[in-house]
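Structural characterization, general
Below are the chains, spelled out letter by letter.
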Amino acid sequence: MRELTTNRAPVSIPALPQSLSSPETWGFGFSGLLLWLGTAPGMNAALGPQAIWVWLPGTIISMMLNLQVKRLGTYFPEVAGGTPNYTTRLLHRSPNLARYGAIGYMFGWASVPAMNAIVLTDLIEANLTPLGITCPETLLRIGFTVLPFIVAFSGTRTLGILHSFFVFPAIGFLLTFCLQGMAWLSFAPTSPGMLPPDLSAGISPIDWMKWFFIAVYAVYGGETASSFVADSRQPSVTLRCLQVTTGLLPIVYLAGSWVLMRLATDPGLGDSAYLNLVAATHPFWGAFAPALVTFLITSGCLLSSATAVSNSPRILYQLAKDGYLPPVFAVLSRRGVLEPSLFFTLGLSLICLGWGDVARVVMVAGTGYLSSMMAIHLGEWVSRRRPETRWPWWSLGFFSLEAAVLVVGGWAWSWQDLAIGLLLPWLIGVAGTQLPRLNVPLFHPDGWMQRYQQQPHTSKTDWLAFQVTILIGLLCSAVSIGWWVRAGLDRVGVGQYVPLFSILLVTVAFVGVAIACWTSLPQIAAITEAREQVERTLLDLQQAQTQLVQAEKMSSLGQLVAGVAHEINNPVNFIHGNLTHLGEYTQNLMALIELYQQQNPHTSPDIQAMVDDIDLEFLQTDLPKILDSMKIGTDRIRQIVLSLRNFSRIEEADFKTVDIHEGIDSTLVILGHRLKAKGDFPEIKVIKDYNLLLPHAECYPGQLNQVLMNILANAIDALEESGSGKTYEQLQANPGKIRIRTSQIEADWLEIAIADNGVGMSEQIQQRIFDPFFTTKPVGKGTGMGMSISYQIITEKHCGKLKCFSAIGKGTEFVIQIPLRQQVPNLKMGHQQAS
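Okay, so let's go over this structure. It should be emphasised that the depicted structure is a prediction, and the values quoted were computed from it without experimental measurement. (Residues numbered from 1 in each chain as written. Predicted model: local features only at pLDDT ≥ 70, side-chain atom pairs only at ≥ 80, totals over all residues. Heavy atoms only, no water.)

**Structural notes on the pairing of strand β6 (residues 737-745)**
Formally: Here a strand pair is declared whenever DSSP counts at least two bridges between the two strands. Each helix is a run of DSSP H or I of at least 4 residues and each strand a run of E of at least 2, with the numbering of both proceeding from the N terminus.
Direction of pairing for strand β4 (residues 685-689) relative to β6: parallel, over a ladder of five bridges. The residue bridging Lys688 from the neighbouring strand is Ile740, located in β6. Taken together, the eight bridges between β6 and strand β7 (residues 749-756) define a ladder with antiparallel strand orientation. Within β7, the residue paired with Ser743 across the bridge is Glu751. The hairpin turn running from β6 into β7, its antiparallel successor, is three residues long, and Glu746 in that turn takes a positive phi close to 50 degrees.

And the structure:
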């Protein structure tokens, strides 16, 4: 976790618990498609067939945006909040602009519950008025606004399960409407035809910009799944939802709008979503059209509201974690609920509800949302040289187009609302920054911590009585309301008001879960939390035991290596030091022999026989070479000993500033025997792409060398595996390579990338590569602990990141990122992670 400081006390920001399943995150991702229900009917009423020219470019940009966000999520899997918080990464050099864009995006979603509450209340009022029942408009609007928040306070999983239960049927009905409608237009005998007669009629640029301004609010909402990557159990599967949504966007926004354009043509329909959709679906859904359309609108409203109350707090959380907002917005309850951020979002939603006008809320919130989209595309252009960006030139074009739409389209709607919409993200940012300055406990992290530490005082007996009382009240209320509604329906006819059943079905489900959140679910959640806590404790103990065993093994190995190195070093130094003197003595003796031969050219037969026997001429030539070879050999042994001592780091401080390149080179020396050519395997080439200006880094050098050893050894294993079954000539034509790249990133971080061209890994293996005891090697060749311990060393000990990128047949790359300067007190805690 990352530690931030406030004007009170240091606050630790934990990572979000990875508790959401893939169906739950996909459910949140699909809910953005339901936003089409709120905007398409009004646009169809205003523009008719020309509306398709607004949806077409919007859909194309949205599809490209989805794929770009998926790429960003692959590079930033630990970032919560999704798209706007990826933008802050791209615009990190412009923090004020980055925060403005992120808050504009958040406010766009925070306004959704209020708008949906107004739409639902109007829909219920239209169904209750014929029954003679007065609709409590204000109460219903507040109730529908607060309802998803009540469920959200019990935990995102509760809301996610409820959301998934309805979102998949709703998306199914929506896709059925689009596809069945297109098929009916194509093949039905009574179809008016696919092409309208006035499709070629033009649309004025101002009208186009006005409605594109509104369309952005819906069509750009298909990347919502990115908000939940950080707390997903399977981040890569969650990101895959963006690809699926990309494929569904043209079906919903183009095919759906086309069906609406051809079948909802009566001018008397106005801009009512209900009337337009019923008119469009009646030819092929018949009598079921009112009920199904009501279900679509009701579920679309409640589900998009549920998504809004789930992703908006995550945006605030990540902004606080990155230092753009005070840390109070990152406080997590015991159940993993971002309660301060949730309350802040609720306040914004109630402010939007106070306006009471959907059109104005869309205009004001849409201004901030469009500004955030401009920030995203600007960030992609500014960071165009970074590997996580795609299509930067297209992004620059989209930014220019959106800027024109913001000014011209916003001014055409209302310059006052445009000004308010541009000002609000800044005001929200100021409010979020200044509120913690007030002397109110709940505006500070420690106030929330004290609240969470307090134990409930309600006794078990009183709690049971409370639940029984609630249950009795619910049953009596349900019977009374059912009797009352039935009496009204008997007077006017049941069949005419079947749509009311669709509203009640979804609403009662949300209300029931909301009530359960404050009665039964806390006890169930407490049992689940206790079980999960025990499981986490057991896992922590297992990891601690593994770390202790590994630490002891490494300590023993280090002692052994240091001892062997020391014992070798002494005699080698003795030999190496004497070789210099031996060389001098040998040269003197050779000079003496030469002088003797010059002074006495005619020697005795015995001496001459000895000279011939020992081949004195060859000895005089070869002896200096032997001495030089011995010197080279002792130099090599001394280099190996130095590498062993450098690798073990036994005689050095545990934490110190070192040259990273020195550790890499020492590790390569130790692994040198595995890199050399063998009888049937050519040499593995090591390509060093070092940043020679890389500053020294503060780290635990011995443990960092252990990580380098594990990664390089795995790379060699992968290369040997890829070469099995190939001839020597084939291996020479495509030799094994290991590329080691070092660089400095973001001014205060360094990066070590180690890539090989081996067999690569599947996505399933990549997801488990850092799990303890997971290995793909045969029995006896790997324990499955190397990469798990390496991950702990980098993330926990060095507050860094260890990432793996691989593809089958293309090789694998491990990327190590650690800060150049470490916070030693934090490191000693041994459990903190980088933000």
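What follows continues from the structure just given.
**Side note on a negative patch on the surface**
Counted only if it meets this: The patches described consist of residues with a relative accessible area above 30% and no salt bridge, like charges being joined within 9 Å and nonpolar side chains (Val, Leu, Ile, Met, Phe, Trp, Tyr) within 5 Å. Surface exposure here means Shrake-Rupley accessible area, sampled with a 1.4 Å probe, where a residue is shielded only by the protein chains that are shown. For this document, the term salt bridge refers to a Lys or Arg side-chain nitrogen within 4 Å of an Asp or Glu carboxyl oxygen. Only four residue types enter the tally: Lys and Arg on the positive side, Asp and Glu on the negative side, with His and both chain ends excluded. Think of each charge as sitting on NZ of Lys, CZ of Arg, CG of Asp or CD of Glu.
The grouping of Asp612, Asp613, Asp615 and Glu617 at the surface amounts to a negative patch. Looking at where Asp615 falls in the secondary structure, it is placed in the loop between α21 (605-614) and α22 (616-648).

**A few points about the nonpolar core**
Using the following cut-off: Buried Ala, Val, Leu, Ile, Met, Phe, Trp, Tyr and Cys residues that are joined via side-chain atoms within 4.5 Å together make up what is termed a nonpolar core. For every residue, the accessible area obtained with a 1.4 Å probe (protein chains only) is divided by the maximum for its type, and the residue is called buried under 20%, exposed over 50%, and partly exposed between those limits. Contacts between residues were defined by any pair of non-hydrogen atoms, one from each residue, lying within 4.5 Å.
Counting 148 residues, the largest nonpolar core has Trp36, Trp55, Leu174, Phe177, Tyr220 and Tyr253 as the members making the most contacts within it. Of the residues forming this core, the biggest block, 17 residues, is contributed by helix α12 (residues 289-321). With residues up to four places along the chain from it excluded, the contact list for Trp36 reads Pro41, Trp55, Leu174, Phe177, Ala218, Val252, Tyr253, Gly256, Ser257, Leu260 and Leu277. Listed in part, the 40 residues of the second largest apolar core include Val658, Leu671, Phe681 and Ala715.

**Some details on a nonpolar patch on the surface**
Taken together, Trp53, Leu56 and Ile60 make up a surface patch of nonpolar side chains, about 260 Å² in accessible area. One can find Trp53 in helix α3 (residues 52-75). Residue class for Trp53 comes out partly exposed when judged on its relative accessible area of 37%.

**Section: the pattern of salt bridges**
Evaluation of the coordinates by the stated rule reveals 11 salt bridges. Measuring nitrogen to oxygen at the nearest pair gives 2.6 Å for the salt bridge that ties Glu388 to Arg386. Of the residues examined, Arg386 reaches a relative accessible area of 21% and is grouped as partly exposed. Where Arg741 meets Glu813, a salt bridge forms, and the shortest distance between an N and an O atom there is 3.6 Å. On the criterion of sequence distance, the pair formed by Arg741 in strand β6 and Glu813 in strand β9 (residues 811-819) is long-range, its members being 72 residues apart. Under the relative-accessibility criterion, Arg741 is labelled partly exposed at 26%.

**Comments concerning the packing of aromatic side chains**
The geometry of two aromatic rings is summed up by the distance between their centres and the angle between their planes. To be explicit about the condition: Working definition: rings of Phe, Tyr and Trp (its six-membered ring) pair if their centres are within 6.5 Å, and the pair is stacked with planes under 30 degrees apart, edge-to-face with planes over 60 apart, and tilted otherwise. Here, over-ring charges are defined by two tests on the NZ atom of lysine or the CZ atom of arginine: distance to the ring centre within 6 Å, and angle to the ring normal within 35 degrees.
Considering all chains together, one arrives at 19 aromatic pairs under this definition. Both rings, one in Phe284 and one in Trp285, keep their centres 5.9 Å apart while their planes meet at 75 degrees; by these two values the pair is edge-to-face. An angle of 65 degrees between the planes, with centres 4.7 Å apart, marks the rings of Trp381 and Trp393 as edge-to-face. Of this pair, Trp381 sits in helix α14 (residues 358-382) while Trp393 sits in helix α15 (residues 392-413), and the two are 12 residues apart along the sequence. An aromatic cluster is present here, built from Trp36, Phe177, Phe284 and Trp285 joined pairwise through their rings. The ring of Trp413 is capped by Lys210, whose NZ or CZ atom sits 4.5 Å from the centre of that ring.

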